[in-house]
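Spelled out, the chains give:
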Amino acid sequence: MAVFFLLFLLSVSVVSADEDGFIGVNIGTALSDMPSPTQVVALLKAQNIRHVRLYDADRALLLALANTGIRVTVSVPNDQLLGIGQSNASAANWVARNVIAHVPATNITAIAVGSEILTTLPNAAPVLVSALKFIHSALVASNLDGQIKVSTPHSSSIILDSFPPSQAFFNRSWDPVMVPLLKFLQSTGSYFMLNAYPYYDYMQSNGVIPLDYALFRPLPPNKEAVDANTLLHYTNVFDAVVDATYFAMSYLNFTNVPIFVMESGWPSKGDSSEPEATLENANTYNSNLIRHVLNNTGTPKHPRIAVSTYIYELYNEDLRPGPISEKNWGLFDANGMPVYTLHLTGGGTVLANDTTNQTFCVAEEGADPKMLQAALDWACGPGKVDCSYLLQGQPCYEPNNVVAHATYAFNAYFQKMAKSPGTCDFKGVATITTTDQSHGSCIFPGRYKLKILIDLKAYFSFLASIFPFLSSTSNSLCTAFQQLCAGRNDTLPNSTSLAPSSNSTTSGCHSVYIYGAGSFSTSVIISVLLMSVFCL
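Fair warning: this is a prediction, and the values are worked out from it, not measured in the lab. (Residues numbered from 1 in each chain as written. Predicted model: local features only at pLDDT ≥ 70, side-chain atom pairs only at ≥ 80, totals over all residues. Heavy atoms only, no water.)

A. Spatial organisation of the pairing of strand E15 (residues 430-433). Here E15 shows no split at all, with Ala430 and Ile432 on one side and Thr431 and Thr433 on the other all buried. The pairing of strand E14 (residues 360-363) with E15 spans four bridges and is classified as antiparallel. Bridge assignment links Val362 to a residue of E15, and that residue is Thr431. (Buried < 20%, exposed > 50% of the residue type's maximum accessible area, 1.4 Å probe, protein only. Helix = DSSP H or I, 4+ residues; strand = E, 2+ residues; numbered from the N terminus. Pairing = 2+ DSSP bridges.)

Below is the structure:
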């Protein structure tokens, strides 16, 4: 009977989505060098971030967000909850000061009342629903209730027995709070705010949860988690946690309250007890999360019903207490430089812009060598990448393997296409990095902003046409100068050879790219070229 009851809950679930899912970002301020509000907003615009959550209602930041169209969730801090939950007047004053004073110029769309109250501030739980109602009443009085939703974020730890999701239920001791809370959300058309951290689920599982399952990495069918009651297949922790929340609400007879994930992310650095808090794992998790949300994948229980999610967080917060990981959840440092460049091919434009102007396209680790070779052949052929530097005897020939050669060709194409979305994919065998792949005299395009093309052969042929006595030596002069340039760490050839061959060589005089934003050595080389006309 229990199985039939659970299947019934599935059949009557009526959660729907009015719009596509979105990715937002949380903005914490525990930084020793916190950027100014105008700098924060400039970064949001540059990264096409259209949804943000503040942990308070900072006046200066709300003013800076005015007339940007960015959708803002403001928050009632936990230390203000008791006062607001006990006084309708206090709630009205808070709304007047922190919301009404800023709309419509600032696009405030939600108010998060407290954060994880049931698990972090349980003594305030009795007034939580009152606080939500008082805040909502103030919005109704100002005719803002249709524009601004009111809810409160919960830790996923309030859910017991979260797997299989169909058996999940809220901690029953919180029913006196949870039931009226869900009634409020349902009656006001609001949503359940959930903080979901697969990182912590993985860390606390003592090896039961595979890392790939936590990071959204593809799993073979026999490795997917299957809910025996519903036969739903789960390929990642995130979906399982969200569906567990849906089932927990269904257990209390609430089937039409949507879920927004207000916090999710992965730390990029940790101490010795946090070995999976790495740049690569943080990049993998957040990149896959963004794609998962923006593709409107939904969850196994509610396919194609997107779960809008706010990434935790915009900046690394170096002043946060606790282990090293607590300071390293950010996507950016305080100076606006990305901690890592997200792998967002096919993930839309949010958070996809290169703010350093130094990103490179490289072969994906572990990619199939045959697929790499096919992509390399395409880049050097139809892709019209100049692959002459990969020929034997040239600076990028070594290491002579498909990964190194594909990396050079992929990056050259990526830079040639101005780093446009989708130009670092190559059927899934390429990815973006901020690590310069240059080595020795093999310099990768994208290292510097300024690029000067010198066609050496044409230049010395021009000299020979003016000074006939140079006709017999122009090639040797050209080659000598090319070698001078090749000795520098910022030059690249620009011939028209296509795919490299392991047994081919090249000789003669080529064009040269000189990289360097006004460097002294570049000036010297250009000066030598110019003066050679007058000295001959």
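Now, onward.
B. Representation of unusual backbone geometry within the structure. Cis geometry is adopted by the peptide bond preceding Glu313, which originates at Tyr312 and carries an omega value of 10 degrees. Residue placement: Glu313 occurs in the loop between strand E13 (309-311) and E14. Here the bond from Glu398 into Pro399 is cis, since omega is -5 degrees, no more than 30 degrees from zero. Residue position: Pro399 is located in the loop between helix H13 (369-380) and helix H14 (402-416). Positive phi, close to 55 degrees, is recorded for Asn296, a residue that is not glycine. Position of Asn296 among the secondary structure elements: in the loop between helix H12 (279-294) and E13. Backbone geometry places Phe426, a non-glycine residue, at a positive phi of 50 degrees. Among the structural elements, Phe426 can be located in the loop between H14 and E15.

C. Representation of the state of the cysteines in the model. According to the stated counting rule, one finds three disulfides in the structure shown. Across the disulfide, Cys361 is cross-linked to Cys424 (sulfur-sulfur distance 2.0 Å). One disulfide, between Cys361 and Cys424, carries an S-S torsion of 90 degrees and so falls in the right-handed class. In this pair, Cys361 is assigned in strand E14 and Cys424 in the loop between H14 and E15, connecting sequence segments 63 residues apart. Residues Cys361 and Cys424 agree in their burial class; the two are buried. (Disulfide = S-S within 2.5 Å.)

D. Region of the structure containing the environment of Tyr199. If you trace the backbone, Tyr199 turns up in helix H9 (residues 198-203). Among all residues touching Tyr199, those that are not within four sequence positions of it are Gly265, Trp266, Pro267, Glu274, Glu276, Ala277 and Trp329. (Contact = heavy atoms within 4.5 Å.)

E. The arrangement of the sheet that holds strand E2 (residues 51-54) in detail. Pairing is parallel across the open sheet formed by nine strands, whose spatial order is E5-E4-E3-E2-E1-E13-E12-E9-E6. Only two strands of the sheet have a single neighbouring strand rather than two, namely strand E5 (149-151) and strand E6 (153-155). The mean angle between the axes of side-by-side strands here comes to 25 degrees, regardless of whether they run parallel or antiparallel. In the sheet, strand E12 (residues 259-264) pairs with E13 via two bridges, with the strands oriented parallel. Paired with Val261 across the bridge in E13 is Thr309. Where helix H7 (residues 128-141) meets the sheet, its contacts fall on strand E3 (71-76), strand E4 (108-113) and E5, and the angle it forms with E4 comes to roughly 155 degrees. (Axes fitted to C-alpha atoms, helices over the stretch in contact; angles between N-to-C directions.)

F. Inspection of the environment of Leu279 at higher detail. In this fold, Leu279 is placed in helix H12. Given a relative accessible area of 43%, Leu279 falls into the partly exposed group. Sequence-wise, Leu279 and Asn328 are 49 residues apart; in three dimensions their C-alpha atoms are separated by 9.7 Å. Apart from residues lying up to four places away in sequence, Leu279 is in contact with Ser268, Val339 and Tyr340.

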